Every structure is written in structure tokens, then in C-alpha cells.
Amino acid sequence: MVPRAVRYSASDGRRRTHPLVTLALRLRILTFPFIGVMVGTVLYEDGHGVVAWGALVLHVTALPFVHYLTARNAADPQRAEWRNIVGDTVAAGVWSGIMAFRPLPVTALVACYTMVSSSVGGVRLSVWGISGLLVGAVAGGLLNGFAWVQTTSFATTAFSTVLIIYFTALFGYQSHLQTKRVIALRAEAERQRERLSEQSRDLEQARAEEAEARQVAEEANQAKSIFLANMSHELRTPLHAIIGYSEVLEDEARVREESELQADLGKIRSAGKHLLDVINNVLDLSKLEAKRTELYLETFVGGDLVAEVVSTIEGLVQKRGNRLHVAGHETLGLVHADVTKLRQILFNLLSNANKFTEQGEITVTCERREDPGQVRIAVRDTGIGMTPEQQERLFQAFTQADASISRTYGGTGLGLVISRKFCRMMGGDVDVESEEGVGSTFTVVLPSDVPVSRSARVSDVRWRTDDMIRAIAPADVVIDIAIIEPDPDVRSLLRRHLEQEGVSVREAATCDDGMALIRDHPPDILTLEVALEGGWDLLERLKSDPELRGIPVHVISSVDERSQGFAMGCETYMVKPIDREQVAVALLGPLRGPPS
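Values in this document were obtained by computation on a predicted structure and should not be read as measured data. (Residues numbered from 1 in each chain as written. Predicted model: local features only at pLDDT ≥ 70, side-chain atom pairs only at ≥ 80, totals over all residues. Heavy atoms only, no water.)

What to know about the overall build of the chain
The helix and strand inventory of the chain stands at 20 helices and 12 strands. Within the chain, the fraction of its 596 residues that count as buried is 49%. Taking as baseline every contact in the chain between residues at least 6 positions apart, the subset at least 24 positions apart corresponds to 75%. With the model as given, the accessible surface of the chain reaches about 28400 Å², and the carbon-plus-sulfur share is 56%. (Helix = DSSP H or I, 4+ residues; strand = E, 2+ residues; numbered from the N terminus. Buried < 20%, exposed > 50% of the residue type's maximum accessible area, 1.4 Å probe, protein only. Contact = heavy atoms within 4.5 Å. Areas by Shrake-Rupley, 256 points an atom, 1.4 Å probe, with all protein chains shown as cover.)

Structure (C-alpha cells):
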């Protein structure tokens, strides 16, 4: 039985040719003719008949492609290619017997195939390769009566020597190429780490400035909040590149089976997303204090939202050894509120419960009260709990219940503050009951129909992804998407993400170039960065042009101006940085129909 190999899996789920299979085909095409000529000189000297010559021709011309097709279509391509290599060693052993075990040609074959086996599969595959040579040699000896010839003609000697030199040089060159690729990947990973370190230093500096600003008067605090709310572009744009390119490099490292490099890139991506969460919390609080936060109301199934958030956090709960229970979510019915903000509230409460509980229980209890028209969602944990003094400081910005808690569990102390402010914006509140050493219960109380006069808009594209992902399966029609984005890194990432979904992508860096691109051939979908010069004007021109107003425009921007974007007719409004799943669902889901 061939040694077990690592199963190859394409990162996007589609069948791809394993790199080892492609490399093996190329090497066989380049080396089999030399082996054929060397063996042919011996067949000619010994006067072998048509059968031997026919087998040699098939070996040289057909066997490389037979191996390629069998390995490419196998469930485990890498393991199948290992079997092919063992098969090649058996064939080499057969030809050694047919050549009457002449020392130099046999040495050339053994050296070449031992080199192949050891470089691909190490010692284990080398042992199987040598075993294959011995089995083939016995079979070839039986076919040739175990003839033994010590002398070798000049032609056979020359071709055997050339084969050894050629095979050694070829494998050395391939090893050189692989080494260059690994070095390039590691260099890029190091650049990503340096950029992440620089972003971390910038964030630490921003935190220090914020801590100093809290000590000044209310007017200075308000000015600080406005400043942070407006600096979204400067923080989000570099994070978009860090997170996006780390995902791309992680996929490439997975394909090349660079597990150590893949783990490092995963840490970069995870740290970038953590940094983004912190920045989002700071910006959310700043906009709340500056009274620049708006509600985007829509009607949704409350139980589905609870189930979605619970599904998202379930993996983190299991890592802490906790048990998660949900009750009554099916009774919530239809709720008219800001689904994005309610999702963030529930996620914050569940994350807190999980952070302060270990080997315990977390219970989510839902209830709908028709009189006075409320929904109540309680998150109870059996964690460390709080004293009355700690509860008094609970909803203060940048403050944990206790300094020791911040050192032990981490966090900025913003999640609960933002959650309560969001609830109060929607006419509700967050209540807390806690006992030290027993646990805590946080209860979200909201009107079932938030009384704000505003047209229902989809305020965010993070819908039920388990349902929507089925809607973006490859379709027969190639969708044409135009990207208008000034940042080349963002354009490159969007192109990669969308082309992986099988769509055609065109791009422009300015509004003038984008308008020319649209006029030349109107796309099926358009993405637009409204923060670039003339971005809002371009959106207005598109929606006022009878020939172009039907093009769906999806705003992907570093500035959060959802209300203006929706008022001007955009389909969705996404704030950078965005992820692949978010882009695919938002842009391609509506065109490819509802989930089946």
C-alpha cells in the first residue's frame, strides 16, 4: 500500500489540478524521451522485436498523459500521483531486466527514480520506489531469461551519462523555482507583519490621545468625537489591505501546503480583524457622542436573528467549555427595528457572557409581550458575576467593572456602552442583574415596532449567510461587474474576490474613466467609492440618466454615509474593510436568484 499523503483541497471548493500532478506531467514530458532513446539503443543492439519497441513507444508517448488524467480526476490527487511514481519505478525495473541488467543504464534509471521518489515523498516513498524497481526487475528478468550483459556500447554509455546529468540539472532547477516561491511568500508575510505592527502603534497612539481628551471639558470631548468619526477612511483603508491580502496569501500557502506560513498568515488576519473590531467600537461610540448615528429600520424575523447570532458565537462558546441554551426565540415573531444594531447588541452581550464564564452555562431567553408591544431578550451566564459597586461603573466608556478584570480578560470596555446607547436610540434599554460568584443577566428590552418614521431599507448586507451562500453558486451567465475605486490595493482585492466567483471584472480609478467605461459597455453591476473626487456626482448622473439608471450601484466606501447613499438610489452601502463573503452575497445574490 502506498504511504498516505495529505489530501489536496481547493480553497474555493472547486476541483483544481494539484501542483504535484502538473509538475509530474511536465517532468515526464521532458525526461521520458531521453529514457526512451537510452533504452532504444539497447533494444537495437540486442535485436528485440516489435513488441518491445511498441511497449517503449507507448511508455514514452502515452504514459505521461495516462498518469496525469488518473491523478487529476482522483479523489486524492496527491496520493494518486504517489502511486504513479511507484508505477514508474516498476516500469524502470522491467526495462532494466529487458536491458539484461547492463550496469550503466540500470544505474541511470535507479538514480533518476530514486531522486524523484525521495524529493516528492521522502524516505517512505523512496523505500516503496526501490521496492517497485526490484519487483519490476524480477518481471523484466523473467521476460528476458535473466540475461546478464556487463558490456555497454558507446551510444548506450553516452545516453546513460547524459540522462543522469540532465535529470540532476532538471530537478535542481525545479527545486530552485520552488525555493524562490517560498522565499517570496515569506517576504510578503514579513511585510504584512510590519504593516500590522505599524497599525498597532498608530492605534496605541490614538488610545493615548483619547485618554487625555477624556480629562478635558465637554466641548473638547465633543470635538474629539467628531474628529474620530471623520477619520474612518484613514483607519479602514490600510486595514482593508492587511486583512484582504492576508486572506489571499493564506489561500496560496494552503495550496502550497506551507502549514507554518499558513498559521502565521492566519495570525495576521486574526489580529487585523481584532484591530478592526476595536476601531469600529471607537468610531461607533464617537458617532453616538457626536449624534451622527442614524437608524435604518426594516422588518425581520426576530427568532432568525437570534439563531444567526447564536450560530456565529457557538464555536467560541465551545472553546471556553461552556454550554449554550436558547429558549423562546420562535415566539419573537416580526420585529421592526435596526437589524444591524440589534445584531451587534446581541453579539456583544453573548461575547461578554462567554468571556467571563468558563466551564459554565449561557442561556438566551426570548419573550414577546403584546402589551405594551415589547420584545425581551435575556442573556444569563454562570460566570464571575459583579458586586454592586462594579455594576455602577458598568456602562461607563473605556471602563471595565474592575481594573483587575481588564488585565485578566482584556477588552476596551466599549461594548456594553454602545449596546445601551443603541437600545436607547430605538426606545429601549439594557438592564443588568448580577451577583458576585453566581453570574449575570443582561436583558435587552425593545419596542417590537420602533416608532421612527423612516422607509424600510436594507441597512447592511450581512444577511443569513447560510441561506444566501447557496444563491451565489456559479451560474451559466457570466456577470459583468465594473469597479470604480481610487485605491489600487482595494481594486486588486475586489477583482480577485469577484473573479473567484466566475464573473467578468472591469475597473477604473477615477470618475471620468469610470463613466467612459460604463458608456462603452454598461455593466450588470457597478461598485462605487463615493469618497473619491466626484463620486456623489457620478451616482447622481447615473440615477438621472434614463439609459443607465437601471444599473445596480453598490457603494463600497471608507465613509459611512448610508442615508445619503440610499436616498440617491444605491442598492447596498458597505463600509470598508469588507470580506469576500460580504461582497459575494451583496453583489451576486440578487442576480442569481433566491436560494433553492
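Examining the packing of aromatic side chains
For the structure shown, the criterion picks out 1 aromatic pair. The lysine or arginine in question, K341, covers the ring of F422, its NZ or CZ lying 5.4 Å from the ring centre. (Phe/Tyr/Trp six-rings, centres within 6.5 Å; stacked < 30°, edge-to-face > 60°. Lys NZ or Arg CZ within 6 Å of the ring centre and 35° of its normal.)

Side note on the pairing of strand β9 (residues 504-508)
Direction of pairing for strand β8 (residues 480-484) relative to β9: parallel, over a ladder of 5 bridges. Counterpart to I483 in the pairing with β9 is E507. Where the polypeptide runs from β8 across helix α16 (residues 488-499) and back to β9, its parallel neighbour, the crossover connection is right-handed. (Pairing = 2+ DSSP bridges. Right-handed = clockwise from strand over helix to strand, strands pointing away.)

Some remarks on the pairing of strand β12 (residues 572-575)
With burial as the criterion, each face of β12 is covered, one bearing T572 and M574 and the other bearing Y573 and V575. Alignment of strand β11 (residues 553-557) against β12, held across 4 bridges, turns out to be parallel. Pairing of S557 across the sheet is with V575, part of β12. Note that the unit made of β11, helix α19 (residues 562-567) and β12 has a crossover that is right-handed.

Considerations on the environment of H67
For H67, the location among the structural elements is in helix α3 (residues 63-72). For H67, a relative accessible area of 9% translates into the label buried. Linking H67 and A24, residues 43 residues apart in sequence, is a C-alpha distance of 8.9 Å. In this structure H67 touches R28, E81, N84 and D88, once residues within four positions along its chain are discounted. Reaching out from H67, the side chain makes a polar contact with the side chain of D88 at a distance of 2.9 Å. (Polar contact = N/O pair within 3.5 Å; in protein donor to acceptor, adjacent residues only side chain to side chain.)

Some details on α3
Regarding α3, the residues found buried are P64, H67, Y68 and A71. Along the axis of α3, the buried residues cluster in a sector spanning 100°; they form a single face. The elements touched by buried residues of α3 are α1 (19-46), α2 (50-61) and α4 (77-98). (Arc of directions from axis to C-beta.)

A few points about the packing of α3 against α4
The N-to-C vectors of α3 and α4 enclose an angle of 155°; their axes lie 8 Å apart at closest approach. As the angle between them shows, α3 and α4 are arranged roughly antiparallel. Note that α3 runs across α4; the crossing there is right-handed. When α3 is examined against α4, the residues L63, H67, T70 and A71 are found in contact with a partner set consisting of P77, A80, E81, N84 and D88. The class makeup of the residues in the contact of α3 with α4 is 4 nonpolar, 3 polar and 2 charged. (Axes fitted to C-alpha atoms, helices over the stretch in contact; angles between N-to-C directions. Parallel < 35°, antiparallel > 145°, perpendicular 65-115°, else oblique. Left-handed = near helix turned anticlockwise from the far one by under 90°. Nonpolar A, V, L, I, M, F, W, Y, C, P; charged D, E, K, R; others polar.)

Quick word on the nonpolar core
Within the largest apolar cluster, 41 residues are counted, with the highest numbers of intra-cluster contacts made by V306, L324, L350, V364, I377, F442 and V444. Of all elements in the fold, only α10 (302-319), β3 (334-337), α11 (339-355), β4 (361-369), β5 (374-381), α14 (415-425) and β7 (439-447) reach the threshold of two or more residues within this core. Tallying contributions element by element places α11 first for this core, with 7 residues. Non-local contacts of V364, meaning those with residues more than four positions away in its chain, are made with V306, L324, H325, V326, A327, L350, I377, A378 and V379. Counting 30 residues, the second largest nonpolar core, distinct from the first, contains M99, L109, L133 and L163. (Core = buried A, V, L, I, M, F, W, Y, C linked by side-chain atoms within 4.5 Å.)

Distances and angles like these do not, on their own, reveal function.
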